[in-house]
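# Topology and contacts: notes
Each chain is listed here by its residues.
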Amino acid sequence: MGRAYVVGTFDTKGAELRYVAGLAAAGGVRVGTVDLSTSGDPADNPDDVDVSATEVAAAHPRGAGAVFTGDRGSAVAAMAEAFEHWLTARDDVAGVLGLGGSGGTALITPAMRALPVGVPKLMVSTVAAGDVSGYVDASDIAMFPSVTDVAGLNRISRRVLGNAAHALAGAVRDPVPPADDLPAVALSMFGVTTPCVTATARGLGAGFDPLVFHSTGTGGRAMEKLVDDGLIATVLDITTTEVCDLIAGGVMSAGEQRLDAIARTGVPYVGSCGALDMVNFGAFDTVPEQYRERHLYRHNPQVTLMRTTADECRRIGEFLAAKLNACSGPVRFLLPEGGLSVLDASGQPFHDPAADEVLFETLENEVRQHADRQVLRLPHNINDTEFVDALLREFHAVREAGSPAAAVGQPAGRQTGGRE
């Protein structure tokens, strides 16, 4: 068993942190306490913690002096960076529990996010009941609302902190065994590409472990974090719609970094144009004023979709092409001429072959193609059975090209270019 780390600013929250550490240790796990105080005054560094604030600060790339600046804002930001370096350099982290207000939460969670998915991460915070996306992002941090402020032990805080301590102890003491016997395959999905992704996941068969990610911004980032963590063997990025929201200002962008993990790692990759026909907004009255005259579709009371224009499709294609050109591993990118989603099928509200064609031509012209990086046209809608068959065919092809030893079973026939 590794060590469960209880972390926070002991100069202001020492009693609470010691209380949590004691309960976790009583739960049968090895506990380490880490001070993240930023005052820099040696008198404020308690002698009963396992790792002092000075030791953590020394992990900053510019040394402890970059942390203990005397300015609270810069000191907290620098300590957050130092703690991330310190924590990720260790090989004994079995779990982490932090306590804090808004400043402590901002200080602790970047290091938690840098840990692999699956390592227990619990943050008891005064801001946990609000929008926590900036703290959690694509990680699996469990946010515990503190209810009262983290400012002393009382009848409420003892219960809340006790629950968090017991949760940490239980997760560290009784970890879920990893399912490492099957290669993990990441698939990206949206409601309008569900038939395709569901059939593709089923078509992988019993030899693979499919992990489906909802392409809502966080989903794409989570998928690529697992790629960076080395937990994904192959990517079936069927639904790249998050790029639309980046280009046109929708609410489900995964950021400029989308596909960068694919390039960094060289993981075998099969991608497609799933839901590149739409930009996502919230309820109808949240659509930006400049888009109110555009082609809008009320998906449900909380989601309004906007059809991408030919110009936006060109820009989306340019973005994707630049990312694909940076990939060192085997790549196939499939173009569904029959439509990019359920809504882009013939007779459906977003059917616009001219806009789709701009996307397809941009990708074909901008991607630097060779034997292991191909853009393939298919005369099907993305949800058609024939398109699913093509995805599976190219999936086996890129696995064989990326790592012959990792290929499972015999790859089916493959298309080497042009139209099917």
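Below is a short write-up of the structure.

Conventions and cut-offs
- Residues numbered from 1 in each chain as written.
- Predicted model: local features only at pLDDT ≥ 70, side-chain atom pairs only at ≥ 80, totals over all residues.
- Heavy atoms only, no water.
- Axes fitted to C-alpha atoms, helices over the stretch in contact; angles between N-to-C directions.
- Helix = DSSP H or I, 4+ residues; strand = E, 2+ residues; numbered from the N terminus.
- Parallel < 35°, antiparallel > 145°, perpendicular 65-115°, else oblique.
- Left-handed = near helix turned anticlockwise from the far one by under 90°.
- Contact = heavy atoms within 4.5 Å.
- Core = buried A, V, L, I, M, F, W, Y, C linked by side-chain atoms within 4.5 Å.
- Buried < 20%, exposed > 50% of the residue type's maximum accessible area, 1.4 Å probe, protein only.
- Arc of directions from axis to C-beta.
- Phe/Tyr/Trp six-rings, centres within 6.5 Å; stacked < 30°, edge-to-face > 60°.
- Lys NZ or Arg CZ within 6 Å of the ring centre and 35° of its normal.
- 1 Å grid on protein atoms, 1.4 Å probe; cavity = no way out; pocket = protein on both sides within 12 Å on 5 of 7 lines; lining within 4 Å.
- Points joined across faces, edges and corners; volume = space filled by probe spheres on them.
- Nonpolar A, V, L, I, M, F, W, Y, C, P; charged D, E, K, R; others polar.

Direction vectors running N to C along helix α7 (residues 194-203) and helix α13 (residues 385-402) enclose 45 degrees, while the axes themselves pass 9 Å from each other. Looking at the two axes, α7 sits oblique to α13. With respect to the hand of their crossing, α7 and α13 are arranged in right-handed fashion. Across the interface between the two elements, Cys-196, Ala-199, Thr-200 and Gly-203 from α7 touch Phe-387, Val-388, Leu-391 and Leu-392 from α13.

Of note, the phi angle at Val-147 is positive, near 70 degrees, even though the residue is not glycine. Relative to the assigned elements, Val-147 resides in the loop between β5 (142-145) and α6 (157-173). The backbone of Leu-259 shows a phi angle near 80 degrees, a positive value even though the residue is not glycine. Tracing the sequence through the fold places Leu-259 in the loop between α9 (242-248) and α10 (260-265).

Moving on to the nonpolar core. In terms of nonpolar packing, the biggest core is built from 45 residues, with Val-235, Cys-273, Leu-320, Phe-333, Leu-359 and Leu-363 touching the most fellow members. Within the residue set of this core, elements represented by two or more residues are β6 (184-189), α8 (218-228), α9, α10, β10 (278-281), α11 (310-325), β13 (331-336) and α12 (353-366). By residue number, the principal contributor to this core is α11, which donates six residues. In this view, Leu-320 contacts Thr-240, Val-243, Leu-259, Leu-276, Phe-333 and Leu-363; residues no more than four positions away in its chain are not counted. Within the second largest apolar cluster, 31 residues are counted, among which are Val-56, Ala-57, Phe-83 and Val-119.

Right, let's talk about α7 for a bit. Among all positions of α7, only Cys-196, Val-197, Thr-200 and Ala-201 are buried. Along the axis of α7, the buried residues cluster in a sector spanning 125 degrees; they form a single face. In this structure, the buried side of α7 is in contact with β6, β7 (209-214), β8 (234-237) and α13. Two residues or fewer after α7 comes Gly-205, characterised by a positive phi angle close to 80 degrees.

Another aspect to go through is the packing of aromatic side chains. When we look at a pair of aromatic rings, we describe it by the centre distance and by the angle of the planes. According to the stated counting rule, one finds five aromatic pairs in the structure shown. Relative to Tyr-291, the ring of Phe-281 has its centre 5.7 Å away and its plane inclined at 45 degrees; by these criteria the two rings are tilted. Note that Phe-281 is positioned in strand β10 and Tyr-291 in the loop between β10 and β11 (296-300), a separation of ten residues in sequence. Taken as a pair, Phe-281 and Tyr-291 share a single burial class, namely buried. Here Tyr-297 and Phe-350 contribute two aromatic rings whose centre-to-centre distance is 6.1 Å and whose plane-to-plane angle is 65 degrees, an arrangement assigned as edge-to-face. With Tyr-297 in strand β11 and Phe-350 in the loop between β13 and α12, the pair connects residues that are 53 residues apart, well separated along the chain. A residue is classified by how much of its surface remains accessible, and Tyr-297, at 29% relative accessible area, is partly exposed. Put simply, the rings of Tyr-5, Phe-83 and Trp-86 pair up and form one aromatic cluster. Directly above the aromatic system of Tyr-19 lies the positively charged group of Arg-158, at a separation of 5.6 Å from the ring centroid. Geometry around Phe-284 places Arg-298 over its ring, the cationic atom sitting 3.8 Å from the centre.

Once that is clear, we can look at empty space enclosed by the protein. Under the counting rule described, the total for this entry stands at one cavity of 30 Å³ or more. Approximately 40 Å³ is the volume found for the largest cavity. Around the largest cavity, the lining residues are Glu-16, Val-124, Ser-146, Thr-148, Asp-149, Val-150, Ala-151, Gly-152, Ser-157 and Leu-161. Residues that form the lining of the largest cavity fall into these classes: four nonpolar, four polar and two charged.

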